[in-house]
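# Architecture at a glance
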Amino acid sequence: MANGLIRSTPCLRERVKDPRSRDSGNTTLHKVFAGGALTLVGANSPAGLASRPIRLVLCDEVDRYPSSAGSEGDPIQLARKRAATFWNRKIVMVSTPTNKGASRIEDAFEDSDQRHYYVPCKHCDHHQRLRWANVRWVNEDPETAGYTCEQCGALWTDSDRRWGIRNGQWIAEGEFKGIAGFAINGLYSPWTPLSDGVRDFLAMKKNPEQLRVWTNTYLGETWEDQGERVDDFSLSERKEDFTEAIPDEVIFLTAGVDVQDNRLEMSVIGWGRDQESYVIDHFAMYGDPSAPQLWTQLDSMINKTFETYDGRQMIIRATAIDSGGHFTNSVYQYAKKNAGKRVFAIKGIGGEGKPIAGRPTKNNIAKCQLFPIGVNTAKDLLFARMRIEEPSAGYIHFNSHLDDEYFRQLTAEKIVTRFHKGFKRREFVKTRARNEALDCFVYAIAAYAILNIDVNALADKVKMKDNVAENISTEAKATKNKQPFVPRTGKGFVNSWR
């Protein structure tokens, strides 16, 4: 990135040369030039953070930093130590906020003088912060969006808003104690019309995980979960009957398998448009996971054919199996053997900000593809979807034959905020001993993420295929009913050869 920036900027290109393999002062991550030097370091690299004195330190996206750089401790504190020898040091922390109560940038801003950008109203000259609560639109139409002055009630156009931004000023709301803090959101962007922000909000407001991203990135605010736990009884009240066949809305299936000492537990999840999901089944297969008989039983379930009400046949597209228990090698061998059926060995990775499915490695005894899974990210997603109460994007449907124990296991964890090495960290902790249903659903989500399928595009193809088949069937019936008329000649069957 740095090299591309230098090559694209004439004034920098004259001062900094391209990296050369034998020049230690001019590498990809370290640039020495007249008057200074630029060093790029990853937050997870303790050696890089502790290698040289730095006067100007810029920490970017600090909410996504690991809690510790290796075993050396907090990366921000390590970076601060590099600037300790300079009296005129400057340390800058920048980030999009993440979760309330566990956000580095939120804590840093609260310790600052908390400056916000105030803009004047073109109509009454009242200075104010731009807040989402003052954005107005008509009949779910983003093109009607405008901003309402909190003082006089005048509706600003985008032109009025840009005029206010040009004439605004930063105002501190706290006492200055040596730290200046600045907060701003997408409403201040002169390049983005309000209609774009409203359009994104309307598209995401019914989907909690998408709304979280919008809140973090557009509003520049931390996200606060609506509740720490999900009630298992309220979920069980939402059961639907699709025991004879699976709903037509299901486009494809994934499965998650949890390995216990005396059994395998498996959930089969159906996926529809906008990632609306359907819990088709959850069951246990008892046996010894170190013996082949139990894995043969799993074979029969993975190869099982499911049928929708409209007669569509489908099989499980992908299966994710947890390899983190006592039978790791058995999971590796099974996944390697069934790689063609998209059976994936997975390993859960804790911590915030991890992708649901990371890049696989083969650094294991069986040389099997092993996918790291961001379990916190997947559980955040799942808990957010469990809170959706009406069928819509992300809503979860439950089969009527699932018992009460399933729902107790599905909601067997809650989110707590704890201090780890002096910093707040959100964690999922068990509220009861058994949580296999929750784990299996998370693994099925991981299988979906590994597949990386656009479910809406696939749904369009299925619909098109069904329409073509229906048209062909209709034409065939019409052709059958319209046999060509052959006039009778009076000759019988015996004499017709003449």
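The preceding data block contains the structure.
What you see is a predicted model, and the numbers here were worked out from it, not measured in a lab.

This paragraph deals with the sheet that holds strand β8 (residues 141–148). Spatially, 3 strands are ordered β7-β8-β9 in an open sheet, and the strand pairing comes out antiparallel. The open sheet terminates on both sides in strands that have one partner only, identified here as β7 (135–138) and β9 (155–156). Relative to β9, β8 is paired through 2 bridges, and the arrangement is antiparallel. Counted as the bridge partner of T148 is L155 from β9. Against the sheet, helix α7 (residues 194–204) contacts β7 and β8, and its axis sits at roughly 115° relative to β8.

For the rest of this paragraph, the subject is a nonpolar patch on the surface. On the surface, L29, L38 and L40 cluster together to form a nonpolar patch covering roughly 250 Å² of accessible area. With respect to the helices and strands, L29 occurs in the loop between α2 (10–13) and β1 (30–33).

What follows covers the sheet that holds strand β18 (residues 316–322). In spatial order, the strands read β12-β21-β15-β14-β13-β18-β19-β20; together these 8 strands make up an open sheet with mixed pairing. Whereas interior strands pair on both sides, the edge strands pair on one side only; in this sheet they are β12 (239–240) and β20 (370–374). Of the strand pairs in this sheet, β12 and strand β21 (residues 396–399) are connected by 2 bridges, and their pairing is parallel. When the sheet's bridge partners are listed, E240 is paired in β21 with N399. Running at roughly 140° to strand β19 (residues 343–349), helix α11 (residues 328–337) makes contact with β13 (252–259), β18, β19 and β20 of the sheet.

Cut-offs and rules
Residues numbered from 1 in each chain as written. Predicted model: local features only at pLDDT ≥ 70, side-chain atom pairs only at ≥ 80, totals over all residues. Heavy atoms only, no water. Pairing = 2+ DSSP bridges. Helix = DSSP H or I, 4+ residues; strand = E, 2+ residues; numbered from the N terminus. Contact = heavy atoms within 4.5 Å. Axes fitted to C-alpha atoms, helices over the stretch in contact; angles between N-to-C directions. Patch = residues over 30% accessible without salt bridge, like charges linked within 9 Å, V, L, I, M, F, W, Y side chains within 5 Å. Areas by Shrake-Rupley, 256 points an atom, 1.4 Å probe, with all protein chains shown as cover. Salt bridge = Lys/Arg side-chain N within 4 Å of Asp/Glu carboxyl O.

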